[in-house]
Amino acid sequence: MRLVSPLLKHVVYPALHHIGWLDHIMPPGGYAVVNYHGVVPSDHSVAETFLDGNLVQPEMFRRQLQFLKTHYNVIRPEDFRVWIEQGKQLPPRAVLVTCDDGLVNTLTDMLPVLQSESVPCLFFVTGASCSDEPGMLWYEELYHLMCTKPLIGSGLELPLEEGAESTLSDSFQARWWSTVRRASQLNAKARADWMGLVRGLAQADDSKPRSERRWRLLSIRELTQLAEAGMSIGAHTTSHPILSLCSEEEVRREIEESKNGLEKALGRPIWAFAYPFGNPSTMGEREVRLAREAGFACAFLNVEHWSADPSNPFALPRTHVNRDTALPEFAAHLSGIHARLQRAGGS
Ligand SMILES: [Zn+2]
């Protein structure tokens, strides 16, 4: 969605949306999957615009759900599973709603909107949500810690990624992402230990973001509440690294343990998986193979098209919705028109 040209976003899609043209186009394959990362909780002031870009305002979320109910057939995640596993036909213009990561706001702020609109959702959560004290997504915490205390000269900088250039002259965000990539090469235990050292370096409590609902991951008690409210749960690895940078053994462990851990903690089968970050720069065919071997029914990307076979149930495309996704753009992405235009334009 980041690549939408201003002309499409501000002129073409609003015009097509206005005349209702987008609402009659059948999405590719006859169905669409929408993906969120939570909503902005009411106790969070939007100070960090970069990391907040993945969240939507609750009112916009409601309008998007209402749009789906008007122009699509919203299906239950279980219906999607039966279609994948048994080939039972989906209704025309089926749409599945999903949400990644399992931040606390999915329970406190997103669930009430889903319930009042009677829309079911498939939530992909990490292994952290099998515990009582789950903490934050490590790469978001790292962003805050690096804002408080630069790593340069601290002795905690990780070795450069093979073939990568030094990023000293880059923007803060580029340096942070380069550090996320380098830390993803550590195994989960070594990365957690390294994060402990970075935390110690930053020391100050003021590096801790304030809104738990914005930043913290669901605990097992909260995840159980979400599941008991009728929502479906899928796996999203144990610790959310960039999988393509991990060893094969580590990728296998991240995928399998997240499935087994959630099944044990929730007492229900975990049949769906979503790749962390889920785009071609963070995963590839090896991850697709390992998700299949782990015994899931299907696995989801976070992009709308993929170079490999689009009907592969372990590389299912999704429309990623973010803060800047206005309704006309939302409609254009769901219809598949946006992906087609991008392919035609070679981007
Ligand atoms: Zn994620």
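Structure: see above.
Residues numbered from 1 in each chain as written. Predicted model: local features only at pLDDT ≥ 70, side-chain atom pairs only at ≥ 80, totals over all residues. Heavy atoms only, no water.

Asker: Would you take a moment to explain the coordination of the zinc ion for this structure?
Answerer: Four donors placed tetrahedrally around a metal ideally meet at 109.5 degrees, and six donors placed octahedrally ideally meet at 90 or 180 degrees. At this site the zinc ion is bound by Asp101 (OD), His236 (NE2) and His240 (NE2), with donor distances of 2.1 Å. Counting gaps between the donor residues of the zinc ion yields the pattern D-x134-H-x3-H. Taken as a pair, His236 and His240 share a single burial class, namely buried. (Donors = N, O, S within 2.8 Å, 3.2 Å for Na, K, Ca; no water. Buried < 20%, exposed > 50% of the residue type's maximum accessible area, 1.4 Å probe, protein only.)

Asker: Just checking my understanding: could you explain the nonpolar core for this structure?
Answerer: Among soluble globular proteins, nonpolar side chains are generally buried collectively. If you look at the biggest cluster of nonpolar residues, it comprises 63 residues, and the most contacted ones within it are Tyr36, Leu68 and Tyr275. With residues up to four places along the chain from it excluded, the contact list for Tyr275 reads His236, Leu243, Met283, Glu287, Val288, Ala291, Ala299, Phe300, Leu301 and Phe314. Leu55, Leu137, Trp176 and Ala202 belong to the second largest nonpolar core, which has 28 residues in total. (Core = buried A, V, L, I, M, F, W, Y, C linked by side-chain atoms within 4.5 Å. Contact = heavy atoms within 4.5 Å.)

Asker: So what exactly am I meant to see when it comes to the packing of aromatic side chains here?
Answerer: The geometry of two aromatic rings is summed up by the distance between their centres and the angle between their planes. Overall, the coordinates contain 18 aromatic pairs when judged by the stated rule. With a centroid separation of 6.5 Å and 45° between ring planes, the pair formed by Phe67 and Tyr72 is classed as tilted. Of the two residues, Phe67 and Tyr72, both sit in the buried class. When the ring of Phe273 is compared with that of Phe296, the centres are 5.2 Å apart and the planes differ by 35°; the resulting orientation is tilted. Of this pair, Phe273 sits in strand E6 (residues 272-274) while Phe296 sits in the loop between helix H12 (285-293) and strand E7 (298-300), and the two are 23 residues apart along the sequence. Accessibility classification places Phe273 together with Phe296 in one group, the buried group. The positively charged end of Arg93 is found above the aromatic ring belonging to Tyr72, 4.4 Å away from the centroid. The ring of Trp138 has Arg191 lying over it, and the distance from NZ or CZ to the ring centre is 5.0 Å. (Phe/Tyr/Trp six-rings, centres within 6.5 Å; stacked < 30°, edge-to-face > 60°. Helix = DSSP H or I, 4+ residues; strand = E, 2+ residues; numbered from the N terminus. Lys NZ or Arg CZ within 6 Å of the ring centre and 35° of its normal.)

Asker: Looking at this structure, how should I read the layout of surface pockets?
Answerer: Gaps left between atoms are located by rolling a probe of water-molecule size over the structure's atoms. For the second largest pocket, the calculated volume is near 530 Å³. What lines the second largest pocket is a set of 26 residues, among which Pro28, Gly29, Glu304, Pro310 and Pro317 lie closest to the centre. Secondary structure elements with two or more residues in the lining of the second largest pocket: strand E1 (31-36), helix H4 (77-86), helix H13 (327-335) and helix H14 (337-344). Here the lining of the second largest pocket is composed, by residue class, of 16 nonpolar, 6 polar and 4 charged. (1 Å grid on protein atoms, 1.4 Å probe; cavity = no way out; pocket = protein on both sides within 12 Å on 5 of 7 lines; lining within 4 Å. Points joined across faces, edges and corners; volume = space filled by probe spheres on them. Nonpolar A, V, L, I, M, F, W, Y, C, P; charged D, E, K, R; others polar.)

Asker: Help me understand the pairing of strand E4 (residues 122-125), please; the structure alone is not making it clear to me.
Answerer: Residues Leu122 and Phe124 point to one face of E4 and Phe123 and Val125 to the other, with burial holding for every one of them. In the sheet, strand E3 (residues 94-101) pairs with E4 via 4 bridges, with the strands oriented parallel. The partner of Asp100 across the bridge, within E4, is Phe124. Regarding topology, helix H5 (residues 105-116) serves as the crossover connection from E3 to the parallel E4, and that connection is right-handed. Pairing between E4 and strand E5 (residues 232-235): 4 bridges, direction parallel. Paired with Phe124 across the two strands is Gly234, which belongs to E5. (Pairing = 2+ DSSP bridges. Right-handed = clockwise from strand over helix to strand, strands pointing away.)

Asker: What should I look at first to understand the pattern of salt bridges in this one?
Answerer: Side chains that differ in charge, positive against negative, can pair when their charged atoms come close. For the structure shown, the criterion picks out 25 salt bridges. Where Glu254 meets Arg253, a salt bridge forms, and the shortest distance between an N and an O atom there is 3.4 Å. Residue Arg253 is classed as partly exposed on the basis of its relative accessible area of 24%. Residues joined by salt bridges that share partners form a network here, namely Glu59, Arg62, Lys69 and Glu117. (Salt bridge = Lys/Arg side-chain N within 4 Å of Asp/Glu carboxyl O.)

Asker: Hey, could you run me through unusual backbone geometry in this one?
Answerer: With glycine set apart, most residues show a phi of negative sign, and most peptide bonds adopt trans. Look at Asp101: it is not a glycine, yet its phi comes out positive at around 90°. Position of Asp101 among the secondary structure elements: in strand E3. You can call Asp101 buried: its relative accessible area is 4%. With phi around 75°, Thr237 is a residue other than glycine that occupies positive phi space. Along the chain, Thr237 falls in the loop between E5 and helix H11 (248-266). Using a relative accessible area of 0% as the deciding quantity, one classes Thr237 as buried.

Asker: Looking at this structure, how should I read the side chain of Arg93?
Answerer: Locating Arg93 in the fold gives a position in the loop between H4 and E3. Buried charge without a salt bridge: Arg93, with Asp23 as the nearest opposite-charge side chain at an N-O distance of 5.6 Å. For Arg93, the side chain forms a polar contact with the main-chain oxygen of Ile25, separated by 2.7 Å. Those residues in contact with Arg93 that lie beyond four places of it in its chain are Leu22, Asp23, His24, Ile25, Met26, Pro27, Gly30, His71, Tyr72 and Asn73. (Lys, Arg positive; Asp, Glu negative; His and termini not counted. Polar contact = N/O pair within 3.5 Å; in protein donor to acceptor, adjacent residues only side chain to side chain.)

Asker: In this structure, what is going on with the state of the cysteines? I would like to understand it.
Answerer: By definition, a disulfide links two cysteine residues through a covalent bond between their sulfur atoms. Taken as a whole and assessed by the stated rule, the structure comprises 0 disulfides. For the unlinked cysteine Cys130, the closest cysteine sulfur is that of Cys99, found at 17 Å. Look at Cys130 and you get partly exposed, because its relative accessible area is 27%. Take Cys298: it sits in no disulfide, and the sulfur closest to it among the cysteines is that of Cys121, at 14 Å. (Disulfide = S-S within 2.5 Å.)

Remember, this is a structural readout, not a statement about activity or role.
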